[in-house]
Every structure is written in structure tokens, then in C-alpha cells.
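Spelled out, the chains give:
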Amino acid sequence: QVQLVESGGGLVQPGGSLRLSCAASGSIFGTNIMGWYRQAPGKERELVADTTSGGGTNYADSVKGRFTISRDNAKNTVYLQMNMLKPGDTAVYYCNLRRRGLVSYNYWGQGTQVTVSS
């Protein structure tokens, strides 16, 4: 059983920064993609950023230049450094771990609230 535990959310003023962390525990097979999604009230869940085991990264256009995703494969941990935060970034942020192929899986964290407000 794989578990994802997120931390680092909170309340921050516009222009501020937060760093989210997500640690995966349990039996994790092979290479995979770890990422962050977010869901604002009344909106669908959307991809923020993800990263492969090899270090490749992918970002939503709305966060490019402001957010940075990174991972520590030895610790099965993914980070999201969020700078220049805007009120529009307010959402519940979810960690995701997934793999496609003959051995596939898709796990979600419980979510952490990020609120950007003055």
C-alpha cells in the first residue's frame, strides 16, 4: 500500500512564497511520474506541474516562471516551490504518483490548502 503525505500549505500574501512537500511511502515499483494538481472551488482539478524519475519536468502555462518542481528519488519525495503567488493560485493542492504500462498505478495525497490573500 502506497501513501502520499503532503505538507507545506497555508496562508500567504500575494507575492509571497510557499514550498510544498510530498513524501511517498510503501512499495513503489519502477520509474514513475510525481506531480502536483490543484482544485479551486467550483473548478475541475488541473495539473500544476509534474516530473519524471529521470528529472524531466512539465508545467501549466499559468505557473511557468513562478513555480519549480523537483524530486528526491532516494527519498521518494517531490517538492513544489511556489513564488510570486497570486490570489488565483488559491486551491487545494494534491500530490500524485503514477505509472503507465504493464505495471501501472495512480495514487493521490489527501490535499493541502493554499490560500493567497491579503
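Coordinates for the structure precede this section.
These figures come from a predicted structure and were not determined experimentally.

Chemist: So what exactly am I meant to see when it comes to the pairing of strand β1 (residues 3-7) here?
Modeler: Remember that side chains alternate between the two faces of the sheet whenever the strand is regular. Burial along β1 is one-sided: L4 and E6 are buried, and none of Q3, V5 and S7, which face the opposite way, are. Two elements, β1 and strand β3 (residues 18-25), share 5 bridges in a ladder whose sense is antiparallel. Across the sheet, S7 pairs through a bridge with S21, a residue of β3.

Chemist: Help me understand the environment of S53 in this model?
Modeler: Here S53 lies in the loop between β5 (46-52) and β6 (57-59). As for S53 and F29, which are separated by 24 residues in sequence, their C-alpha atoms are 12 Å apart.

Chemist: Teacher, can you tell me more about the sheet that holds strand β7 (residues 67-72) here?
Modeler: What holds strands together in a sheet is hydrogen bonding between their backbones, with the strands either parallel or antiparallel. Here we have 4 strands laid out as an open sheet, ordered β1-β3-β8-β7, and antiparallel in their pairing. Two strands close off the open sheet at either side, each with one partner strand: β1 and β7. Adjacent strand axes in the sheet meet at a mean angle of 15°, parallel and antiparallel pairs treated alike.

Chemist: Sorry, what's going on with the environment of V48 here?
Modeler: Looking at where V48 falls in the secondary structure, it is placed in strand β5. When the C-alpha positions of V48 and D61 are compared, they lie 8.6 Å apart, and in sequence the two are 13 residues distant. Leaving out residues up to four positions away in the same chain, V48 has contacts with W36, Y37, R38, N58, Y59, A60, V63, F67, L80 and Y93.

Chemist: Hey, could you run me through a nonpolar patch on the surface in this one?
Modeler: On the surface, a nonpolar cluster with roughly 360 Å² of combined accessible area is contributed by F29, L102 and V103. Among the structural elements, F29 can be located in the loop between β3 and β4 (33-39). Under the relative-accessibility criterion, F29 is labelled partly exposed at 46%.

Chemist: In this structure, what is going on with the pattern of salt bridges? I would like to understand it.
Modeler: Working definition: two side chains of opposite charge can pair if their charged atoms are close together. Taken as a whole, this structure holds 5 salt bridges when the rule is applied. R66 serves as the salt-bridge partner of D89, at 2.8 Å between the closest nitrogen and oxygen. Here D89, found in the loop between β8 (77-82) and β9 (91-99), pairs with R66, found in the loop between β6 and β7; they are 23 residues apart in sequence, far enough to count as distant. A residue is classified by how much of its surface remains accessible, and D89, at 2% relative accessible area, is buried.

Chemist: I keep staring at the nonpolar core and nothing clicks. Help me out?
Modeler: Across soluble globular proteins, nonpolar side chains have a tendency to be buried as a group. Counting 28 residues, the largest nonpolar core has W36, V48, F67, L80, M82 and Y93 as the members making the most contacts within it. Looking at this core, the elements that each hand over two or more residues are β3, β4, β5, β7, β8, β9 and β11 (112-116).

Chemist: I'm lost on the pairing of β5 in this one. Help?
Modeler: Taken together, the 6 bridges between β4 and β5 define a ladder with antiparallel strand orientation. Note that in β5 the partner of M34 across the bridge is T51. Counted along the chain from β4 to the antiparallel partner β5, the turn is 6 residues long, and its residue G42 has a positive phi close to 80°. Relative to β6, β5 runs antiparallel, the two sharing 3 bridges. From the neighbouring strand, T51 faces β6, where its bridge partner is T57. Linking β5 to β6, which pair antiparallel, is a turn of 4 residues; within it G55 sits at a positive phi near 100°.

Calculation criteria
Residues numbered from 1 in each chain as written. Predicted model: local features only at pLDDT ≥ 70, side-chain atom pairs only at ≥ 80, totals over all residues. Heavy atoms only, no water. Buried < 20%, exposed > 50% of the residue type's maximum accessible area, 1.4 Å probe, protein only. Helix = DSSP H or I, 4+ residues; strand = E, 2+ residues; numbered from the N terminus. Pairing = 2+ DSSP bridges. Axes fitted to C-alpha atoms, helices over the stretch in contact; angles between N-to-C directions. Contact = heavy atoms within 4.5 Å. Patch = residues over 30% accessible without salt bridge, like charges linked within 9 Å, V, L, I, M, F, W, Y side chains within 5 Å. Areas by Shrake-Rupley, 256 points an atom, 1.4 Å probe, with all protein chains shown as cover. Salt bridge = Lys/Arg side-chain N within 4 Å of Asp/Glu carboxyl O. Core = buried A, V, L, I, M, F, W, Y, C linked by side-chain atoms within 4.5 Å.

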